[in-house]
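Descriptive analysis of the structure
Here's the letter readout for the chains.
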Amino acid sequence: MTVITHVRRKSRLAAMIDSAGGVTVGVALARARENIDGLRDKGLTEVIRHIGELAALQQPSTGEEKTESLRRIYESANHVIDAASPFGFKDLCAVAASLCDMVDRAAGETGFDWRILQVHIQSLQLLNTLPVEAAEERAAVTAQLSAMVAKKFAQAG
C-alpha cells in the first residue's frame, strides 16, 4: 500500500478568501472614519434642512391637518436622527427622538398641547446653532427640555 505524504499548500486565492479584506481592523476603522468625515458637510446640510422644515410647520386647525403635520414632524425628526447620528451629535438625536415620542403622544390625544412640539423644534434649532465645544450649554438645553416634558406629563397623569 502506498501512502503519499506531502504538505498540502494553501492556495493564494484561499488565503485571500480567508483573510478579512487584507487590512487590519485599525486600518479599516481609520478608513471608515475618513469616509464618514467626508460626508459630514452633507449630513449637516440635511440636519439644517430638516430642522428648517420642522420650524416652518404651523399648528394644525383640523384633524386632517393634524395627521399630516404629525406625519411630517415624525419624518423630519427621523431624518435629523439619521443625518446627525454618524457624526456623534447625541443631543440632537436625543431631542429628535423625544420629538418622535411626542408625536406618538399627540396622535393619541385630542387635547394635546402643541407647544410641546414647538419647544422641541426650538430646542433642535438652538442645539444646531451652538458650537460643538459648548458641551455645558448643550447639556442644559436637553436637561431643561427633559424636565419640561416630565413636568408636563406628570401633571397630565
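Going by the structure above, here's the rest.
Residues numbered from 1 in each chain as written. Predicted model: local features only at pLDDT ≥ 70, side-chain atom pairs only at ≥ 80, totals over all residues. Heavy atoms only, no water.

**Thoughts on the packing of helix α3 (residues 40-56) against helix α6 (residues 115-129)**
Direction vectors running N to C along α3 and α6 enclose 150°, while the axes themselves pass 9 Å from each other. One finds that α3 runs roughly antiparallel with respect to α6. Here α3 and α6 pass one another in a crossing that is left-handed. Facing V47, I48, I51, L54 and A55 of α3, the residues of α6 in contact are I121, L124, Q125 and N128. Here the residues of the contact of α3 with α6 sort into seven nonpolar, two polar and no charged. (Axes fitted to C-alpha atoms, helices over the stretch in contact; angles between N-to-C directions. Helix = DSSP H or I, 4+ residues; strand = E, 2+ residues; numbered from the N terminus. Parallel < 35°, antiparallel > 145°, perpendicular 65-115°, else oblique. Left-handed = near helix turned anticlockwise from the far one by under 90°. Contact = heavy atoms within 4.5 Å. Nonpolar A, V, L, I, M, F, W, Y, C, P; charged D, E, K, R; others polar.)

**A word on the environment of W114**
Inspection of the secondary structure puts W114 in the loop between α5 (90-108) and α6. When its relative accessible area of 8% is taken as the criterion, W114 is described as buried. On a C-alpha basis, the gap between W114 and Q59 in space is 6.9 Å, while along the polypeptide they are 55 residues apart. In this structure, W114 is in contact with Q58, Q59, P60, S69, L70 and I73, ignoring residues within four places of it in sequence. (Buried < 20%, exposed > 50% of the residue type's maximum accessible area, 1.4 Å probe, protein only.)

**Things to note about the packing of aromatic side chains**
Each aromatic ring pair is described using two quantities: the centre-to-centre distance and the angle formed by the ring planes. Scanning the entire structure with this criterion turns up one aromatic pair. Pairing F112 with F153 gives two aromatic rings, centres 6.3 Å apart and planes at 25°, and the pair type is stacked. Of this pair, F112 sits in the loop between α5 and α6 while F153 sits in helix α7 (residues 135-156), placing them 41 residues apart in sequence. Overall, F112 belongs to the buried group, its relative accessible area being 12%. In this structure F153 comes out as buried when scored by relative accessible area, which is 15%. (Phe/Tyr/Trp six-rings, centres within 6.5 Å; stacked < 30°, edge-to-face > 60°.)

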